[in-house]
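Each chain, letter by letter, is given below.
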Amino acid sequence: MFMLIFTAGVAVLSGYFFWRFYTAFRHLGWWHLAVGAALVVMATGRYWARALGRHGWEGLGEMMRVALVVWLILLFWFLTIGLVLHVWNAGVWVAGRARPGLRRLRVGPRAGFLAMTVLVLAGGVWAWFEAGAIRVNHVTVPIAGLPAHLDGLRVAQVTDLHVGSLRSRARLADTVRLVAELQPDLLVSTGDLVDDDFDRIGPMATAFAAVEPPLGKYAVLGNHEFYTSLEDSLR
């Protein structure tokens, strides 16, 4: 069911992208078919990735999964910026009925598509580097009536490590190192600890064994634990 919903979402967003591309470059002819075919392949990417994995092409299947996730994020940003432009053009149209000179402020299909593409690509590059920058935020939480012996309790919270996904090995190593340096009393993971490649999680899971807070380690489920496999995630 998740794969069907995921594929439907990518298909809808891809359809919007194709519509914007087509209206911006109506004269490209066969390029429309090429772009449309590429969008269909991407929309069905999870099925392609599984098929590649079953036939011994695990590396290529992983690349397909990563490309699909990145593509979905870029499509969502593309839609968001597109909706902003739609609202802008609607406002210009309303204002232009009273003052026709304002109509020149309307953003045309080609200018809009190019602007959306540039903004999405720039945001994608920024997000790629930002996602790899692990930081420590220190937060003091005052709690009324807290027992005296718990005053100063140090809780380290980690979230969204997505162990098993692209770049997760380096991100996990940095996170474990930082947690060890903080010497917390308690370690908690608040969702999306694992991702869908369980074959690679085993060796990486031992990294957390090196951190032994006095009060233990706890985790709760996130949406990705349900998306992939609840049983495997719990194990």
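Just above, that's the structure.
Residues numbered from 1 in each chain as written. Predicted model: local features only at pLDDT ≥ 70, side-chain atom pairs only at ≥ 80, totals over all residues. Heavy atoms only, no water.

Enquirer: Give me a nonpolar patch on the surface: which residues, what numbers.
Expert: On the surface, Leu-221, Phe-226, Tyr-227, Leu-230 and Leu-234 cluster together into a nonpolar patch covering about 490 Å² of accessible area. When contributions to the nonpolar patch are tallied by element, the ones reaching two or more residues are α8 (223-228) and α9 (230-234). The residue Leu-234 is located in helix α9 in this model. (Patch = residues over 30% accessible without salt bridge, like charges linked within 9 Å, V, L, I, M, F, W, Y side chains within 5 Å. Areas by Shrake-Rupley, 256 points an atom, 1.4 Å probe, with all protein chains shown as cover. Salt bridge = Lys/Arg side-chain N within 4 Å of Asp/Glu carboxyl O. Helix = DSSP H or I, 4+ residues; strand = E, 2+ residues; numbered from the N terminus.)

Enquirer: Describe the environment of His-162, naming the residues involved and giving the relevant values.
Expert: Note on placement: His-162 falls in the loop between β1 (155-158) and α6 (168-182). What makes His-162 buried here is its relative accessible area of 14%. Taking the C-alpha atoms as reference points, His-162 and Gly-123, 39 residues apart in sequence, are found 21 Å from one another. (Buried < 20%, exposed > 50% of the residue type's maximum accessible area, 1.4 Å probe, protein only.)

Enquirer: Break down the sheet that holds strand β2 (residues 186-190) for me, with residues and values.
Expert: If you walk across this open sheet you meet the 3 strands as β1-β2-β3, and the pairing is parallel. Looking at the sheet topology across the chains shown, the edges are occupied by β1 and β3 (217-220). This sheet shows a mean twist of 20° between the axes of neighbouring strands, independent of strand direction. Here β2 runs beside β3; their pairing, made up of 4 bridges, is parallel. Bridging across to β3, Leu-187 finds its partner in Lys-217. (Pairing = 2+ DSSP bridges. Axes fitted to C-alpha atoms, helices over the stretch in contact; angles between N-to-C directions.)

Enquirer: Explain the packing of aromatic side chains residue by residue, including any values.
Expert: Centre distance and the angle of the planes are the two values used to describe a pair of aromatic rings. Counted under the stated rule, the structure contains 10 aromatic pairs. With centroids separated by 5.0 Å and ring planes inclined at 55°, the aromatic side chains of Phe-17 and Phe-78 adopt a geometry described as tilted. Taken together, the positions of Phe-17 in helix α1 (residues 2-24) and Phe-78 in helix α4 (residues 58-98) put the pair 61 residues apart, joining distant regions of the chain. Take Phe-17 and Phe-78: they sit in the same class, and that class is buried. Site record: aromatic cluster; members linked through ring pairs are Tyr-16, Phe-17, Trp-19, Phe-21, Phe-25, Trp-71, Phe-78 and Phe-113. (Phe/Tyr/Trp six-rings, centres within 6.5 Å; stacked < 30°, edge-to-face > 60°.)

Enquirer: A description of the side chain of Ser-189 should follow, citing residues and the corresponding values.
Expert: Mapping Ser-189 onto the fold places it in strand β2. Taking relative accessible area as the criterion, Ser-189 reaches 8% and is therefore assigned buried. Not counting the four nearest positions on each side in its chain, Ser-189 is found in contact with Val-158, Tyr-218, Ala-219 and Val-220. (Contact = heavy atoms within 4.5 Å.)

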